[in-house]
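# A closer look at the structure
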Amino acid sequence: MPQSPETAADIAAIGPLIAAQRAAFARQPRRPLADRRADLLAIERLVLDNEAAIADAIDADFGGRSRDETRLVEIAVTAQAARNARRHLGRWMAPRTVATPPMASPGRSRIRHEPKGVVGIVSPWNYPVQLTLVPLVAALAAGCRALIKPSELTPRTSALMATLLAEHFPTDQVAVVTGGADVAEAFCAHRFDHLFYTGSTRVGRSVAEAAARHLSPVTLELGGKSPVIVDADVPLERIAHPIAWGRFLNAGQTCVAPDYVLATGGRAVALGQAVIRQAGQFYPDVGTNDDYTAVVSDRHYARLNAMIEEARHRGVEVLQAPHDAAAAARTRRIPPTVLIDPPLDLAVMREEIFGPLLPVLSTTSIETACAHVNAGERPLALYVFSDDRRVVDQVLDATHSGGVTINATMLHLTNENLPFGGVGESGSGAYHGRRGFEEFSHARSVFEAGRWHASRLIAPPYGSLFRMIAGLALKA
Ligand code: NAD
C-alpha cells in the first residue's frame, strides 16, 4: 500500500527527534538524582491529575472500558511505580562496592549504574497507559531519554499521552511518535541505546532482528499461553473466584491472564461451571455492564467468535453465563465463555487467546499437567492452586515461566520488588522497580588500583615468585 503523507511525516520526524535527544544526552550524560526525582514526580502527577481524561480516552478507544479498572490498572499502577522509583532511586543509583580478589589487591572494585542513553519504547493497546508509562518510569529513573511509539489501536489514548508528555517534558528528553505498523517498523530500524518492546511474539521477533543490526540491547515483553494447574482437592469455589477475575478482567485482554486451565481429579466440568457462575456474579448483564470491557476491535471480535464457533462445530461443550446476545454484540462484548476439553488442534488451544474465553482441560495428574505445559512454549505466567507445599514445589521445579502466582492469579505483576518479564518465546529482559532501573542502566565495572599493586609481581620475566603467585591463584 502506498504511504500516506501523514505516515511519511511521522516516519520523517523520528530521526531528528533521536538526534535531538542524543545531543541533549551528550550535554548531560549523568542526569542528577534531584532531576530524575522531579521527572518521576511529573509522571505521577500526569496520571493522577488527568485520570478522567485518560479514562475517557481508553473508554472511547475500546468502545467500553471499565473506568474502575482503568483507575486501578492504569492510573494506580503507574503512579505507584513512579512513587516507588522516586523513593528508592538514591539507593539504586549509589555505586555498589564489591570484593576484590587477592590477585588484583590492593584496590577497590565498584559497580556504577550509568544511563544507557537514548532509548525506544514500543507499547501495545491492551493497557495503553501502564505499558507505556511504567517502562518510561524505569527509563527516566535510569537517567535515559526516551522516544515512545504507542499503539495505533488506541489512537485517542496515544494522542492524549503525546499531549500530556509534551506538557511535562521537552521533546529532547521524552517524545512520542504516533502511527501504525509501518511507523513502528521504521521506528525500530533506528539505532537506540536500548529498545523496549511490549507486544506479540511475532512482532517481537522482527523487533529483535532490527535491534540486532545495531547490536542494540532489547527488552521483549511478549505473550503466550499462561496455564493454570489445579490440584485435586482445593475447594472449587475458592479457585473459581481468582481464575474468573484474572481471565475476565479487561475482557481477557491481559498478557498474564490465565489462558487455559489444567484440572486434575476429574473436575474439569465442575470447575468450568464454577468459573461461569462466578463470572455471572461479577458481570450480571454483559451487554450493558460498565464493569465489563469490550473487545478492542472488530478484527479481534471476529477472531474470538471464530474460536468459539470452531469449538462448537467440533462438538465442544461451551458454557456461558445467561446474557442478552444482541446487546452484547451491539457493544462488541463477548460473554465470559468456558470451553470444556477442546481438542488441542483448535485455534483456542494453539494460539494465545487474549479475550474472555477459558478452555478447561482434564488431566490425570500434576505430572501430566507439567508435561502439557512443557510441550508448549515457555509461558509469561503460570498459576498453581494447591494446599500441598510439595505439589507447589513439584510444579515450580518441573516447569518454566516468566513469573508465577500461587493460589491466586496475576498478583506477582503488582509487586514492584519482583522483576516482571518473560522467558523464551514470552520474552527476555525484565522491568518493574529496581530491575527496571537496571534494565535501562549500564552496569559499569570500575577497578581502582592501589598505589603499590600486585600486577608488578605477575609481569615478565616470569620466575619463581610469579609461579608461586600463579599457583596460589589457581587455588584461590
Ligand atoms: P499491538 O498490535 O498494539 O502492537 C504493539 C506495538 O507494536 C504497537 O505499538 C505497534 O505499532 C507495534 N508494531 C506493529 N508492527 C510492528 C513491526 N513490524 N515492527 C515494530 N513494531 C510493530 O499489540 P499486540 O501485539 O496485539 O499486543 C498483544 C500482545 O502483546 C499479546 O501477545 C500480549 O500477550 C502481549 N503483551 C505482552 C505484555 C507483557 O508485558 N509481556 C503486555 C501486554 C501485551
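Note that the structure is a prediction, hence the values are computed from the model and not measured.

So, how was this worked out
- Residues numbered from 1 in each chain as written.
- Predicted model: local features only at pLDDT ≥ 70, side-chain atom pairs only at ≥ 80, totals over all residues.
- Heavy atoms only, no water.
- Near = heavy atom within 4 Å.
- Polar contact = N/O pair within 3.5 Å; in protein donor to acceptor, adjacent residues only side chain to side chain.
- Areas by Shrake-Rupley, 256 points an atom, 1.4 Å probe, with all protein chains shown as cover.
- Helix = DSSP H or I, 4+ residues; strand = E, 2+ residues; numbered from the N terminus.
- Contact = heavy atoms within 4.5 Å.
- Expected span 1.5 Å × (residues − 1).
- Buried < 20%, exposed > 50% of the residue type's maximum accessible area, 1.4 Å probe, protein only.
- Domains from an automatic or database assignment.
- Buried area = accessible area lost by both parts, 1.4 Å probe.
- Salt bridge = Lys/Arg side-chain N within 4 Å of Asp/Glu carboxyl O.
- Nonpolar A, V, L, I, M, F, W, Y, C, P; charged D, E, K, R; others polar.

### Focus on the site of the ligand
Not every one of the 28 residues close to the ligand is listed here, only the nearest: Ser123, Ser151, Glu152, Leu222 and Glu352. Glu221 places a polar main-chain atom, nitrogen or oxygen, 3.4 Å from a nitrogen atom of the ligand. Side-chain polar atom of Glu352 to an oxygen atom of the ligand: 2.6 Å apart, as the coordinates give it. Within the complex, 90% of the 850 Å² of free accessible area of the ligand lies under protein.

### Quick notes on the environment of Leu40
Looking at where Leu40 falls in the secondary structure, it is placed in helix α2 (residues 33-49). Note: C-alpha distance between Leu40 and Ala85 (45 residues apart in sequence) is 7.5 Å. Setting aside chain neighbours within four positions, we find Leu40 in contact with Ala82, Ala85, Arg86, Leu89, Val137, Leu140 and Ala141.

### Topic: helix α9 (residues 236-248)
Helix length check: α9 (13 residues) gives 18 Å between terminal C-alpha atoms against 18 Å at 1.5 Å per residue, within 8%. All of the buried residues in α9 are Leu236, Ile239, Ala240, Pro242, Ile243, Ala244, Gly246, Arg247 and Phe248. Lining the buried residues of α9 we find β8 (227-230), β9 (260-263), α10 (268-282), β11 (337-340), β12 (357-362) and β13 (381-385). Following α9 by one or two positions, Asn250 has its phi on the positive side, about 55°.

### Let's talk about the domain arrangement of the protein
The domains assigned to the protein are domain 1 (5-222 + 427-443) and domain 2 (227-420). For domain 1 versus domain 2, the distance between C-alpha centres works out to 30 Å. Taken together, the contacts link 25 residues of domain 1 with 24 residues of domain 2. Of the roughly 2,000 Å² buried at the junction of domain 1 and domain 2 (both faces included), carbon and sulfur atoms supply 50%. Taken as a group, Glu69, Trp125 and His432 account for 26% of the area that domain 1 buries against domain 2, more than any other trio of residues on that side. Where domain 1 packs against domain 2, one counts zero salt bridges. In this assembly, domain 1 and domain 2 are joined by 11 residue pairs in polar contact (both at pLDDT 80 or more). Sorting the residues of the side of domain 1 that touches domain 2 by element identifies α3 (51-62), α4 (67-93) and α16 (433-439) as the ones contributing at least two each. Residue contributions to the side of domain 1 that touches domain 2 peak at six residues, all from α4. Classifying every residue of the side of domain 1 that touches domain 2 by side-chain character gives nine nonpolar, nine polar and seven charged.

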